[in-house]
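Topology and contacts: notes
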Amino acid sequence: MSTPPEDARTTTLIDRRRLLRQGAATLGVLAAPGIVRARSAVKIRIGYWPVAAGLPFFAAVEKGYFEEAGLGVEPLKFAGAQQVMEAMLAGRSDGSANGTGSGNLGVGELASPGLFKIIATNPSNARYVLDEFLVPKDSQVKTIAELKGKRIGCGPGIQNKALASAVLERAGATGVTVTELPIGQHVAALAAGQVDAVYTLEPTGTVGRLSGVSRVLEAGVIAKYILGDAQAPWHGGSATLTTEFIKKHPQESKKYIAAYARGIALVREQPDEARKYLAGYTAIEGPLTGAVPLASYMLYNEFKPADVAAFQKFFDLFTDKGVFDKKLDVSTLLFKD
């Protein structure tokens, strides 16, 4: 698999699909009332990386929800969540799609306090699968503990490496070597014998299984080993808008959040319809999109105290491990109406 450039824009496939849709939409808009034709001159640049958790954003783009809200949204594709955060810090992106590592975003928040507000998360666990350890299909390894002394790959960025290392440690797999690899290379690295296992995110597990290269050793590992409950919500990824954008464009921000919420509603209510929008944004294409497990989603106004507590426990791990140089209060990061 080829690795996408770190700061590449959307793929040719996505651009082609969007142009076709916009061309068709133009025919109808010519005769539409002025209020329908009106579009904000503001361009909203949103960073994402090719993991299944970004589905609400992908669907909202492809279904035209942002266009219907009069918004111009530009998806920016990156090789990892850390690059999404760095683009936000540099003012090259106005926010992130779901799937962007909450821990990576937390590092950005500590570097520039008040950087962003979370509009939605993608909690996952053993039921709503996103995170997983994979091994080669014919590997004799049956448990994570048996990875002791092995070579482990993980996604790029501090969140992936810190979590992979913490899970391995808590599962009893000592003496491992953890190496960061672009997520698009995980299956190929297993096939080539470069690593003995990978900590990765969907759709990598589906890609490996369908290609006959790998199998899932264990899924929902963060909930089990970090939060202490296989069914606990791991708020590993977050959709955000930068505080600067929200302050400058409050009306566009509200419209964007409402349109994004429509994308989440589609995933919740019509998952089979939504799944097809993984194509072009992830490594899964065509009918194979139906095989990908989906994460859950939680809007900023759906958080209950227990959800905030679970999110805080996740962030506290990063403080304990020295990834965060001080405690970060999750409740202050959630968007407020």
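Now for a description of the structure that goes with this document. These numbers come from a predicted model, not from an experiment. Each residue is numbered by its place in its chain's sequence as written, counting from 1. Local features in this predicted model are restricted to residues of pLDDT 70 or higher, and side-chain atom pairs are both shown and tallied only at a pLDDT of 80 or more, whereas totals for entire chains, interfaces and linings draw on every residue. Based on all heavy atoms of the structure, the side-chain values leave hydrogens and waters out of the count.

Looking now at the overall build of the protein chain. Secondary structure elements follow DSSP: runs of H or I of four or more residues count as helices, runs of E of two or more count as strands, with numbering from the N terminus. Counting its secondary structure elements, the protein chain contains 14 helices and 11 strands. In the protein chain, which comprises 337 residues, the share counted as buried stands at 55%. Intrachain contacts of the protein chain at a sequence separation of at least 6 include 79% that bridge at least 24 residues. The accessible surface values rely on the Shrake-Rupley method and a 1.4 Å probe; as for residues, cover is taken only from the protein chains in view. Of the roughly 13,800 Å² of accessible surface on the protein chain, a fraction of 54% belongs to carbon and sulfur atoms. Each residue's exposure class comes from its accessible area (1.4 Å probe, protein chains only) as a fraction of the maximum for that residue type: buried when under 20%, exposed when over 50%, partly exposed otherwise. It only takes one pair of heavy atoms within 4.5 Å for two residues to be counted as in contact.

What follows is about the sheet that holds strand 9 (residues 214-219). Hydrogen bonds along the backbone pair up the strands of a sheet, which may run parallel or antiparallel. The strand order across the open sheet built from five strands is 7-6-8-5-9, with neighbouring strands paired in mixed fashion. Since the sheet does not close on itself, it has two edges, and those belong to strand 7 (177-180) and strand 9, each with one partner. Along the sheet, successive strands turn relative to each other by an average axial angle of 30°, direction set aside. Along the sheet, helix 7 (residues 158-171) contacts strand 5 (131-136), strand 6 (151-154), strand 7 and strand 8 (197-201); its crossing angle with strand 7, the most-contacted strand, is approximately 160°. When DSSP finds at least two bridges between two strands, those strands are taken to pair. For helices, the fitted axis covers only the stretch in contact; all axes are lines through C-alpha atoms, and the angles between them, taken along N-to-C directions, range from 0 to 180 degrees.

With that out of the way, let us pick up the nonpolar core. If you look at the biggest cluster of nonpolar residues, it comprises 99 residues, and the most contacted ones within it are Phe57, Phe66, Phe133, Ile144, Leu147, Tyr199 and Tyr256. Core analysis: the next-biggest nonpolar cluster, separate from the first, contains six residues, Leu134, Leu181, Leu190 and Val195 among them. Side-chain atoms within 4.5 Å link the members of a nonpolar core, which is a set of buried Ala, Val, Leu, Ile, Met, Phe, Trp, Tyr and Cys residues.

Here the focus is helix 14 (residues 305-320). Given the number of residues in a helix, its expected span is that number minus one, multiplied by 1.5 Å. The terminal C-alpha atoms of helix 14 lie 22 Å apart, and with 16 residues this matches the ideal 22 Å at 1.5 Å per residue to within 8%. Inspection of helix 14 places Asp307, Ala310, Phe311, Gln312, Phe314, Phe315, Leu317 and Phe318 among the buried residues, and these make up the whole buried set. Positive phi shows up at Gly322, right after helix 14, with a value of about 80°.

Moving on: the sheet that holds strand 4 (residues 116-121). Pairing is mixed in the open sheet, where six strands are placed in the order 2-1-3-10-4-11. Every other strand in the sheet has two partners, leaving strand 2 (72-77) and strand 11 (298-299) as the edge strands with one partner each. As judged from the five bridges shared by strand 4 and strand 10 (residues 238-242), these two strands associate in the antiparallel manner. Bridging from a neighbouring strand, Ile118 pairs with Thr240 of strand 10.

Counting buried positions over the six residues of strand 2 gives five, a clear majority of the element. Direction of pairing for strand 1 (residues 43-48) relative to strand 2: parallel, over a ladder of six bridges. Following the sheet pairing, Gly47 is matched in strand 2 by Leu76.

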